[in-house]
Amino acid sequence: MNPIYIDQKEILKHYKQPDKYTHKGIQGHAIIIGGSYGKIGAVTLSSKACLKTGCGLVTVFIPKCGYDILQISIPEVMVVTDNQEKFISNITFDIKPQAIGIGPGLGLEIETQQAVYKFLKINKTSLVIDADALNILSKNKEWLPLLLPKTIITPHPKELERLIGKWNSEEEKIDKAITFSKQYHLIIVMKGAPTRIIDEDTIYENTTGNAALATAGSGDVLTGMITSLLAQSYEPISAAILGVYLHGLTADIALPETGYQSFIASDIITNIGKAYLSLENKDWNFL
Ligand SMILES: NC(=O)C1=CN([C@@H]2O[C@H](COP(=O)(O)OP(=O)(O)OC[C@H]3O[C@@H](n4cnc5c(N)ncnc54)[C@H](O)[C@@H]3O)[C@@H](O)[C@H]2O)[C@@H](O)CC1
Ligand SMILES: Nc1ncnc2c1ncn2[C@@H]1O[C@H](COP(=O)(O)OP(=O)(O)O)[C@@H](O)[C@H]1O
Ligand SMILES: [Mg+2]
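What you see is a predicted model; the values in this text were computed from it and never measured.

### Focus: helix α8 (residues 218–231)
Then comes step 1: Helix length check: α8 (14 residues) gives 20 Å between terminal C-alpha atoms against 20 Å at 1.5 Å per residue, within 8%.
Then comes step 2: The element α8 is largely enclosed, with a buried count of 14 among its 14 residues.
Then comes step 3: Within two residues after α8, Ser-233 carries a phi angle of roughly 75°, on the positive side.

If you want it as structure tokens, here you go:
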């Protein structure tokens, strides 16, 4: 099946310029749920990327050990903590966000798995599921029907294999992903080179990005970006398409300065602004 290429022309069908009279109260409130001892960096990257992609308010839900780290490293982000020190055990907050991203750095503690189950059972908010939240679902596949239609999942190849099983060719991988997408009505962002998005029978293929993205935390950043777009009222498929395109574009923009090797996940976040400007035909080279 022929993919739809995610290029500038396709993106302009999805991209919406911000309203001149908008304010933080209507720019969307996103929550990023994740982190565990030693992996608070994943939520830090994800929540910063979420803000830098344009939503009005970002809150993180993390274990207690991440409180000072988050508040000091990103003062713009609000923090709600679990009762546990090192991992998440009970996901509760009295905020009504427009989108939630769950998984970066979450870990696989049994109590965290139960907390994810309870959360999925009652959640009615648009969701992006990544990293350990996907690994938890792979360990508990009977929970997959709890996901709302058009939930976005963002597996890298290993996470995808844990969910759908092994494949013998690229074609078989795509076929299995389509079957899985149809079975649970999910949007699958199959990360890789290139990243493909599967929305039931429709396949999209991204045209931006390069090997500089092969660095720790670059997927955590993508989760924050897509969650941000969802919170800003983009339809789930548009949020996935625009998020993946902008994410890749940051690496294309940065490459002449960083080279492949010294590019890190924070460089994605630094270049989100230039990526947006290039959508509006403002040449980032002269900024
Ligand atoms: N600074 C931080 O706090 C970081 C935390 N992270 C968190 O660490 C946890 C574990 O995530 P990981 O993804 O490292 O561990 P996983 O065990 O899920 O995946 C790692 C495995 O997947 C394989 N893999 C990954 N990308 C692949 C590709 N493109 N093609 C083929 N194989 C591929 C690797 O070779 C390895 O075997 C997650 O919660 C994640 O969010 C990571 O994102 C790294 C940074
Ligand atoms: N060689 C590559 N070319 C293009 N994009 C890549 C390449 N390697 C990795 N990426 C991108 O980087 C991201 C890696 O995500 P992931 O493996 O989840 O990282 P992490 O868990 O460390 O945050 C994905 O968006 C993937 O498409
Ligand atoms: Mg990841």
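### Let's talk about the UniProt feature "binding site: (6S)-NADPHX" (unreviewed entry) in the protein
Then comes step 1: In the numbering adopted here, UniProt assigns the feature "binding site: (6S)-NADPHX" (unreviewed entry) to Ala-42, Gly-105, His-156 and Asp-220.
Then comes step 2: Tracing the chain through its elements places Ala-42 in helix α2 (residues 40–52).
Then comes step 3: Classification of Ala-42 by relative accessible area gives buried; the value is 11%.
Then comes step 4: On the secondary structure map, Gly-105 appears in the loop between β5 (99–102) and α4 (110–122).
Then comes step 5: Setting aside residues up to four positions removed in sequence, Gly-105 forms contacts with Gly-35, Ser-36, Lys-39, Ala-42 and Asp-132.

### Quick word on the site of ligand 1
Then comes step 1: Taken together, 17 residues form the shell around ligand 1, and within it Gly-105, Asp-132, His-156, Arg-162 and Asp-220 come nearest.
Then comes step 2: At 2.8 Å, a side-chain N or O of Arg-162 approaches an oxygen atom of ligand 1.
Then comes step 3: Protein burial of ligand 1: of its 860 Å² of free accessible surface, 54% is covered by the chains.
Then comes step 4: Of all the secondary-structure elements, those providing two or more residues to the shell around ligand 1 are α2, α5 (131–139) and α6 (157–164).
Then comes step 5: Counting residues per element, the shell around ligand 1 draws most heavily on α6, at 4 residues.
Then comes step 6: Partitioned by chemical class, the residues of the shell around ligand 1 number 5 nonpolar, 6 polar and 6 charged.

Calculation rules
Residues numbered from 1 in each chain as written. Chains lettered and ligands numbered in written order. Predicted model: local features only at pLDDT ≥ 70, side-chain atom pairs only at ≥ 80, totals over all residues. Heavy atoms only, no water. Helix = DSSP H or I, 4+ residues; strand = E, 2+ residues; numbered from the N terminus. Expected span 1.5 Å × (residues − 1). Buried < 20%, exposed > 50% of the residue type's maximum accessible area, 1.4 Å probe, protein only. UniProt positions renumbered as here; feature names shortened; annotations may be inferred. Contact = heavy atoms within 4.5 Å. Near = heavy atom within 4 Å. Polar contact = N/O pair within 3.5 Å; in protein donor to acceptor, adjacent residues only side chain to side chain. Areas by Shrake-Rupley, 256 points an atom, 1.4 Å probe, with all protein chains shown as cover. Nonpolar A, V, L, I, M, F, W, Y, C, P; charged D, E, K, R; others polar.

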